[in-house]
Amino acid sequence: SWIYAAGVITTFVLVAGVMLLLRAGGEAVGWGFQLQEPAFIGCLIYVFFVVGLSFSGVLHIGGSLMGIGQRLVAGSPARATFFTGVLAVVVASPCSAPFMGVALGYTVTQSASIALLVFAVLGLGMALPFILLAYWPQMLHRLPAPGPWMDRLRQFLAFPLYATAVWLLWVLGQQGGELAMVAILSGLILLVMAGWLWRDASVRIYEKVLAVLVLAVALSAPYFLTVDLAKLPQSSPFQIGDAEPYSSARLDALRAEGKPILINMTASWCLTCLVNEKMVLNRHKFKKHLHRKNIAYLVGDWTNRDPAITQFLQQYKRSGVPLYVYYPAGIDSKPVVLPQVLTESAVLEALR
């Protein structure tokens, strides 16, 4: 449990260190910024897909070739546990932002020592359930005994991994369009092909060489994303209902008119944002209320890096999305920050 906690805390501190270095260099970043990089998204898709194949029994990972990535969470118990904590932070950080967004927003505006300390404590909090199990082992007796059901469960758990890979592929499509999705899908096919060649290459050296070459081509797909996507026009901000894309100039103009404004800062990789939009912001009742009250609706898409949106988030002491701010009618009206997890009644009440 403490080794897992060490992996979590170390990763939190490293992420904090990267953010502080970028901040010192003038780079505007926020929590979940790693998911704004298409190459990072592509690597995560690879990790979840390959681990899913391993869970399904299609690929038996553990060799020197196909162990890349999976070996971090396999092998010696200490190393596996440490890197399981690392992977948990990398994947879960954007989803954890709604629960600690205020703390993170405060942290990135403080000195380096305070920022690192807060991130370390946040990591300890994330790992705390495992530590509690270690010190209260009687809780473990409530878990079912080992048996054949574990292999069945392992196979079942492959499907959430595949689903996560599909979701990340959709996020990648939002960032780079269909070409980026085709590049990663082609890489996944080559990845499976490399595993297939390697598995049956025990006596044929040329098949091993071919497997290595195919794997090298497969792993190059995320790199080409960073090269090619820079040449492509970025995907236009998605609009919800009658929304307008956010810009500081548009916000200032609407405020000068004294018009009521609702701002939605969101991203395709933010699951909380997507749930809020599905359950509240896409509903007919919400859109009807906007029309009836003549409320302007601005949506800021933070799927890709956007310094203007990052600056707006920092203005409200937030380091990640979602962020919902309502400006009542009137030039001098004070903004109201809505909860990060929305309900229809709470939103309508705030807009009244």
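### With respect to the overall build of the protein chain
Part 1 of the argument: Broken down by element type, the protein chain carries 13 helices and five strands.
Part 2 of the argument: The buried share of the protein chain, reckoned over its 352 residues, is 41%.
Part 3 of the argument: A fraction of 74% describes how many contacts in the protein chain between residues 6 or more apart in sequence connect residues 24 or more apart.
Part 4 of the argument: Carbon and sulfur atoms make up 67% of the accessible area of the protein chain, which totals about 18,200 Å².

### Overview of the state of the cysteines
By definition, a disulfide is the covalent link that joins the sulfur atoms of two cysteine residues.
Part 1 of the argument: Per the stated rule, a full pass over the model turns up one disulfide.
Part 2 of the argument: Across the disulfide, C270 is cross-linked to C273 (sulfur-sulfur distance 2.4 Å). Since a negative S-S torsion denotes a left-handed disulfide, the C270-C273 link at about 80° is right-handed.
Part 3 of the argument: Judged by its relative accessible area of 0%, C273 falls in the buried class.

### Here's the deal with unusual backbone geometry
Part 1 of the argument: Positive phi outside glycine occurs at N294, with the angle close to 55°.
Part 2 of the argument: Phi is positive for K317, which is not a glycine, with a value near 60°.
Part 3 of the argument: Along the polypeptide, K317 turns up in the loop between helix 12 (307-315) and strand 4 (323-327).

### Quick notes on the pairing of strand 3 (residues 296-301)
Each regular strand displays side chains that alternate between the two surfaces of the sheet.
Part 1 of the argument: Strand 3 sits mainly inside the fold: six of its six residues count as buried.
Part 2 of the argument: In strand 3, alternate side chains face the same way, and those of A296, L298 and G300 on one face and Y297, V299 and D301 on the other are all buried.
Part 3 of the argument: Bridge count for strand 1 (residues 244-245) against strand 3 is two bridges, and the pairing is parallel. If you follow P245 over to strand 3, its bridge partner there is V299.
Part 4 of the argument: Two strands pair when backbone bridges link them, and strand 2 (residues 261-266) and strand 3 are joined in this way by six bridges, in the parallel orientation. Bridging across to strand 3, T266 finds its partner in D301.

### Focus on the packing of helix 11 (residues 284-293) against helix 13 (residues 344-351)
Part 1 of the argument: Between helix 11 and helix 13, whose axes approach to 11 Å, the crossing angle comes to 5°. One finds that helix 11 runs roughly parallel with respect to helix 13. Across the interface between the two elements, K285, F286, H289 and L290 of helix 11 pack against E344, V347, L348 and L351 of helix 13.
Part 2 of the argument: Of the residues in the contact of helix 11 with helix 13, the class split is five nonpolar, one polar and two charged.

### Comments concerning the side chain of H289
Part 1 of the argument: Inspection of the secondary structure assignment puts H289 in helix 11.
Part 2 of the argument: Assessed through its relative accessible area of 3%, H289 is described here as buried.
Part 3 of the argument: Among the polar contacts listed, one links the side chain of H289 to the side chain of R292, at a separation of 3.0 Å.
Part 4 of the argument: Apart from residues lying up to four places away in sequence, H289 is in contact with I295, L348, L351 and R352.

### What about the pattern of salt bridges?
Pairs can form between side chains of opposite charge whenever their charged atoms are close.
Part 1 of the argument: All chains considered together, the criterion is met by three salt bridges.
Part 2 of the argument: The residue E244 makes a salt bridge to R250 at a minimum N-O spacing of 2.8 Å.
Part 3 of the argument: Overall, E244 belongs to the partly exposed group, its relative accessible area being 27%.
Part 4 of the argument: A salt bridge links R352 to E349; the shortest N-O distance between them is 3.4 Å.
Part 5 of the argument: For E349, a relative accessible area of 53% translates into the label exposed.

### Thoughts on the sheet that holds strand 2
Part 1 of the argument: Strands sit in the order 1-3-2-4-5 across an open sheet of five strands; the sheet is mixed. The open sheet terminates on both sides in strands that have one partner only, identified here as strand 1 and strand 5 (336-337).
Part 2 of the argument: In this structure, strand 4 lies alongside strand 5, joined through two bridges in antiparallel fashion. When the bridges of strand 5 are listed, V325 appears paired with V337.

### Concerning the nonpolar core
Part 1 of the argument: Counting residues in hydrophobic clusters, the biggest one holds 47 residues, and the most contacted among them are I45, I263, M265, F312 and V321.
Part 2 of the argument: Secondary-structure elements contributing two or more residues to this core are helix 2 (38-56), helix 6 (158-199), helix 7 (205-219), helix 9 (248-256), strand 2, strand 3, helix 12 and strand 4.
Part 3 of the argument: Among the elements that make up this core, the one with the highest residue count is helix 6 (twelve residues).
Part 4 of the argument: Core analysis: the next-biggest nonpolar cluster, separate from the first, contains 15 residues, A243, I295, L338 and L342 among them.

Rules behind the numbers
Residues numbered from 1 in each chain as written. Predicted model: local features only at pLDDT ≥ 70, side-chain atom pairs only at ≥ 80, totals over all residues. Heavy atoms only, no water. Helix = DSSP H or I, 4+ residues; strand = E, 2+ residues; numbered from the N terminus. Buried < 20%, exposed > 50% of the residue type's maximum accessible area, 1.4 Å probe, protein only. Contact = heavy atoms within 4.5 Å. Areas by Shrake-Rupley, 256 points an atom, 1.4 Å probe, with all protein chains shown as cover. Disulfide = S-S within 2.5 Å. Pairing = 2+ DSSP bridges. Axes fitted to C-alpha atoms, helices over the stretch in contact; angles between N-to-C directions. Parallel < 35°, antiparallel > 145°, perpendicular 65-115°, else oblique. Nonpolar A, V, L, I, M, F, W, Y, C, P; charged D, E, K, R; others polar. Polar contact = N/O pair within 3.5 Å; in protein donor to acceptor, adjacent residues only side chain to side chain. Salt bridge = Lys/Arg side-chain N within 4 Å of Asp/Glu carboxyl O. Core = buried A, V, L, I, M, F, W, Y, C linked by side-chain atoms within 4.5 Å.

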